[in-house]
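Next come the chains, spelled out residue by residue.
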Amino acid sequence: MRHTVSRGLICLALCGFAGAVVAQEYHGNEKPAGNDWVSQTTQTCASCHGKNGVSQTANFPVIAGQYQDYLLHSLKAYRDGDRKNAIMGGQVQGMSDAQLKALARYYSEQDSPLHTPMAD
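Reading guide: rules and limits
Residues numbered from 1 in each chain as written. Predicted model: local features only at pLDDT ≥ 70, side-chain atom pairs only at ≥ 80, totals over all residues. Heavy atoms only, no water. Salt bridge = Lys/Arg side-chain N within 4 Å of Asp/Glu carboxyl O. Buried < 20%, exposed > 50% of the residue type's maximum accessible area, 1.4 Å probe, protein only. Helix = DSSP H or I, 4+ residues; strand = E, 2+ residues; numbered from the N terminus.

> Looking at this structure, I do not really get the pattern of salt bridges. What am I missing?
Working definition: two side chains of opposite charge can pair if their charged atoms are close together. Applying the stated criterion to the full structure yields two salt bridges. Between Arg79 and Asp80 there is a salt bridge, and its shortest N-O distance comes to 2.8 Å. Given the relative accessible area of 22%, Arg79 is considered partly exposed. We note a salt bridge from Arg79 to Asp97, for which the minimum N-O separation is 2.8 Å. Of the two residues, Arg79 is situated in helix α3 (residues 68-80) and Asp97 in helix α5 (residues 97-108); the sequence distance between them amounts to 18 residues. Its relative accessible area of 29% is what places Asp97 among the partly exposed residues. Each member of the salt-bridge network shares a partner with another, and the members are Arg79, Asp80 and Asp97.

Keep in mind these values describe shape, not function.
If you want it as structure tokens, here you go:
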């Protein structure tokens, strides 16, 4: 009997924790966008855009070293359906503004073969 009660309490605690995680996931800008999340997410991006955003094929653009504002604007447009691309739309669907900003910042800071002059 005591084991059954203990298991029940453990299940309730786990369900409560899972519910809190799920609830947090759907609060837009509260989604995690820290270094661990960026590191994991950019592994997926690398399959098309190359390591650190330097694509090795002309089919996919180099995103390393692009302007952060441009990258953020593009990512939001893919997410919101204003810019059409089945792959990119699917990749960023459901990402928060904070997550998109973290990705844009990461890629804008990478070394790049692109020439992107800085405004004075």
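Picking up after the structure, the text goes on.
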